[in-house]
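Understanding the architecture of this molecule
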Amino acid sequence: MSPRSKKKLQLQLAHRTRELALFKLTIDGKLRGCDLVRLRIRDVQPGTQVARRAIVMQSKTQQPVQFDLSDQTREAASAWIAEAH
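Along each chain, the written sequence defines residue order, and numbers are assigned to residues from 1. Where totals are concerned, whole chains, interfaces and linings use all residues; where local detail is concerned, this predicted model gives features only for residues with pLDDT of at least 70, and gives and counts side-chain atom pairs only at 80 or more. Just so you know, side-chain values use all the structure's heavy atoms and leave hydrogens and water out.

1. Observations regarding the layout of surface pockets
Both cavities and pockets are sets of points on a 1 Å grid over the protein atoms alone; in a cavity a 1.4 Å probe fits but cannot get out, in a pocket the set is open with protein on both sides within 12 Å along at least five of seven lines, and lining residues sit with an atom within 4 Å of a point. Grid points are joined across faces, edges and corners, and a volume is the space filled by probe spheres set on the points. Approximately 160 Å³ is the volume attributed to the largest pocket. Taken together, Arg 18, Leu 22, Leu 25, Leu 36, Val 37, Leu 39, Arg 40, Ile 41, Val 44, Ala 77, Trp 80 and Ile 81 make up the lining of the largest pocket. Numbering of helices and strands starts at the N terminus; helices are DSSP runs of H or I of at least 4 residues and strands are runs of E of at least 2. Of all the elements in the fold, those that place two or more residues in the lining of the largest pocket are helix H2 (17–29), helix H3 (33–37), helix H4 (41–44) and helix H5 (71–84). Gly is put with the polar residues, along with every residue not named as nonpolar or charged; the nonpolar set is Ala, Val, Leu, Ile, Met, Phe, Trp, Tyr, Cys and Pro, and the charged set is Asp, Glu, Lys and Arg. Among the residues making up the lining of the largest pocket, the classes are represented as 10 nonpolar, no polar and two charged.

Spelled out as structure tokens, the structure:
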């Protein structure tokens, strides 16, 4: 089992919804930590559902980067947002 798979499984088993969603967003978007902390809910959920794609302005290059969100990432983000509200 890869280190990523182990970490994902640990978060799922611990019911750490927020951390799991952030972990998956980081992997899908290949985000740096500084870009992840600037991410807003509206960046991944502009309406009532989590989008299939997100756009993030990279702080290092000041260039917008678009990335696809996997179904698992969308589910994790949706669960986190629902839990937070």
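Having seen the structure, we can now continue with the description.
2. Considerations on the pattern of salt bridges
It is possible for side chains bearing opposite charge to pair when their charged atoms get close. Just to be clear on terms, a salt bridge is a Lys or Arg side-chain nitrogen sitting within 4 Å of an Asp or Glu carboxyl oxygen. As enumerated under the stated definition, the model contains five salt bridges in all. Between Asp 71 and Arg 74 there is a salt bridge, with the nearest N and O atoms lying 3.7 Å from each other. Of this pair, Asp 71 and Arg 74 both sit in helix H5, separated by three residues, roughly a single helical turn. One network of salt bridges, in which partners are shared, links Arg 16, Arg 18 and Glu 19.

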